[in-house]
Amino acid sequence: MALTREQMAQRVARELQDGFYVNLGIGIPTLVANYVPEGMDVMLQSENGLLGMGRFPTEEEVDPDMINAGKQTVTARPGAAIFSSAESFAMIRGGHVDLTVLGAFEVDQQGNIASWMVPGKLIKGMGGAMDLVAGADNIIVTMTHASKHGESKLLSECTLPLTGAGCIKRVLTDLAYLEIEDGAFILKERAPGVSVEEIAEKTAGRLIVPDEVPEMTFD
């Protein structure tokens, strides 16, 4: 079975460390806020100018002025700070974010990422992804392994305009967790019930499969 969006967020949350400043991109990455381990002190940053983003609000807690970069309503945790987007991007460009989690259309075996536009389709703008991948060393990409038409998104070379070059080292898809090293995807973990053969079939780029590939586990 492919991972659900919530399971993907849970798996990313295992990469959090106490004291981290973390930027969560639009989509699946925003769900990570709901799975920060109990007792761990993590400050979540939203590039529109919020450091200390909390979980999604209940109906009673909703404040229409408190939103993340994807225009979703959020909460602020104790100690949070609100500031301009210029200051937010100074944090990002200055390398002060410990972990960045963002989505993508394509990632290739050289660590290139394409995430901001599909030629011929309406785009709202490139957003903050270019700054994030240029300013961060520790990046996790979350994405589906293949398109709805079954075409691989893990490629030997990206076909769409790049967001960043040679900057991605870790990818979590709905089928697997992989790391990129020496021009290849290395299969580290697989989703429960998903075979190595299925992952290999849906990976267009060079794939290295160790002798043992453990299944992810979820409570």
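Residues numbered from 1 in each chain as written. Predicted model: local features only at pLDDT ≥ 70, side-chain atom pairs only at ≥ 80, totals over all residues. Heavy atoms only, no water.

J.: If you had to explain the packing of aromatic side chains to someone new, which residues and values would you point to?
T.: With the rule as written, the count across this model stands at zero aromatic pairs. Over the ring of Tyr 177 we find Arg 11, and its NZ or CZ is 4.7 Å from the ring centre. Positioned above the aromatic ring of Phe 218 is the side chain of Arg 14, whose terminal nitrogen or guanidinium carbon lies 4.8 Å from the ring centre. (Phe/Tyr/Trp six-rings, centres within 6.5 Å; stacked < 30°, edge-to-face > 60°. Lys NZ or Arg CZ within 6 Å of the ring centre and 35° of its normal.)

J.: Describe helix H2 (residues 85–93), listing the residues and the values that go with them.
T.: All of the buried residues in H2 are Ser 88, Phe 89 and Ile 92. End-on, the buried residues of H2 take up no more than an arc of 90°, which puts them together on one face. In the core, the buried residues of H2 are packed alongside strand S1 (21–24), strand S2 (43–46) and helix H3 (129–135). (Buried < 20%, exposed > 50% of the residue type's maximum accessible area, 1.4 Å probe, protein only. Helix = DSSP H or I, 4+ residues; strand = E, 2+ residues; numbered from the N terminus. Arc of directions from axis to C-beta. Contact = heavy atoms within 4.5 Å.)

J.: Please give an account of the sheet that holds strand S10 (residues 170–173) that cites residues and values.
T.: Taken in spatial order, the ten strands of this open sheet run S4-S3-S2-S1-S5-S8-S10-S11-S12-S13, and their pairing is mixed. The strands lining the two open edges of the sheet, one partner per strand, are strand S4 (76–82) and strand S13 (207–208). Two elements, strand S8 (residues 139–143) and S10, share four bridges in a ladder whose sense is parallel. Bridged to Thr 142 within S10 is Leu 172. (Pairing = 2+ DSSP bridges.)

J.: Give a description of the pairing of S10 that names residues and reports values.
T.: The two faces of S10 match: Arg 170 and Leu 172 on one face and Val 171 and Thr 173 on the other face are all buried. Where S10 and strand S11 (residues 176–181) come together, three bridges link them in antiparallel fashion. Within S11, the residue paired with Arg 170 across the bridge is Glu 179. The antiparallel hairpin formed by S10 and S11 contains two residues in its connecting segment.

J.: An account of the side chain of Asp 108 is requested, with residue identities and associated values reported.
T.: One can find Asp 108 in strand S6 (residues 106–108). It is Arg 206 that comes nearest to the buried, bridge-free Asp 108 among opposite-charge side chains, at 12 Å. One polar contact links the side chain of Asp 108 to the main-chain amide nitrogen of Cys 158, over a distance of 3.0 Å. Other than its neighbours up to four places away in sequence, Asp 108 contacts Leu 155, Ser 156, Glu 157, Cys 158, Ile 180 and Phe 185. (Lys, Arg positive; Asp, Glu negative; His and termini not counted. Salt bridge = Lys/Arg side-chain N within 4 Å of Asp/Glu carboxyl O. Polar contact = N/O pair within 3.5 Å; in protein donor to acceptor, adjacent residues only side chain to side chain.)

J.: Describe in detail the pattern of salt bridges, supporting the description with residues and values.
T.: Proximity of charged atoms lets side chains of opposite charge pair with each other. Enumeration over the complete set of coordinates arrives at eight salt bridges. Measuring nitrogen to oxygen at the nearest pair gives 2.9 Å for the salt bridge that ties Glu 189 to Arg 11. Within this pair, whereas Glu 189 is found in strand S12 (residues 184–190), its partner Arg 11 is found in helix H1 (residues 5–13), the two being separated by 178 residues in sequence. Take Glu 189 and Arg 11: they sit in the same class, and that class is buried. The closest approach of N and O atoms between Arg 190 and Glu 215, which form a salt bridge, is 3.3 Å. Here the residue Arg 190 occupies a position in strand S12, and Glu 215 occupies one in the segment after S13, the gap between them amounting to 25 residues. Residue Glu 215 is classed as partly exposed on the basis of its relative accessible area of 38%. Within the structure, one salt-bridge network assembled from shared partners comprises Arg 11, Glu 15, Arg 170 and Glu 189.

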